[in-house]
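What the coordinates show
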Amino acid sequence: MRVSGVVLPVFALPSDYGIGSLGKDAAEFIDFLAAANIRVWETMSVCHTDGSHSPFRALCARAGNPLLLDLAPFVEKGVVTGRELSRMDWGRDRGRVNYSKVAAAKLAVLERVYTAADGGAGDPEFARFAAENRDWLEDYGLFAALCEENGGMDQWPE
């Protein structure tokens, strides 16, 4: 049996926020593929990357890229408004991802989400996730923080 497919990175999906997401943007694309009878969607890595934002420079095979998170659920929960998001600078060229602007804007929103959620305290879903992933999550968090502090994976001082 023959099937058709398409290769498209998630970050290349059209979005109001400068970069495609694994939420509404991906769901709409999947609906489009289904309507066109396209049965395979091959993406590039969706792992958390270093400061180069290259999908080939993943910091961890298990951690997702925060830039690909959908912001709609946080609007629905009232953590941020759609108007606030529309006023943020996501880059002006819808045909090109401006990673520095997207990262600055999206990480600012995610910091608000983290603060509003009190760092996950009291959230049974977060506690379950942390417990199920304790074999890598804390070490990864430390590694990612050190990478951010030192400008990437290969920029650490001797």
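What comes next concerns the included structure.

Cut-offs used in this document
- Residues numbered from 1 in each chain as written.
- Predicted model: local features only at pLDDT ≥ 70, side-chain atom pairs only at ≥ 80, totals over all residues.
- Heavy atoms only, no water.
- Salt bridge = Lys/Arg side-chain N within 4 Å of Asp/Glu carboxyl O.
- Helix = DSSP H or I, 4+ residues; strand = E, 2+ residues; numbered from the N terminus.
- Buried < 20%, exposed > 50% of the residue type's maximum accessible area, 1.4 Å probe, protein only.

**A word on the pattern of salt bridges**
Summed over the entire model, instances satisfying the criterion amount to seven salt bridges. Arg112 is paired through a salt bridge with Glu84; the nearest N and O atoms lie 3.2 Å apart. Here the residue Arg112 occupies a position in helix H4 (residues 99–116), and Glu84 occupies one in helix H3 (residues 82–87), the gap between them amounting to 28 residues. Judged by relative accessible area, Glu84 falls into the partly exposed class, the value being 32%. Taking the shortest distance from any N to any O, the salt bridge between Asp89 and Lys101 comes out at 2.9 Å. Highlighted residues: Asp89 in the loop between H3 and H4 and Lys101 in helix H4, separated in sequence by 12 residues. Note on Asp89: relative accessible area 33%, which makes it partly exposed. A single salt-bridge network, built from bridges that share partners, covers Asp89, Arg92 and Lys101.

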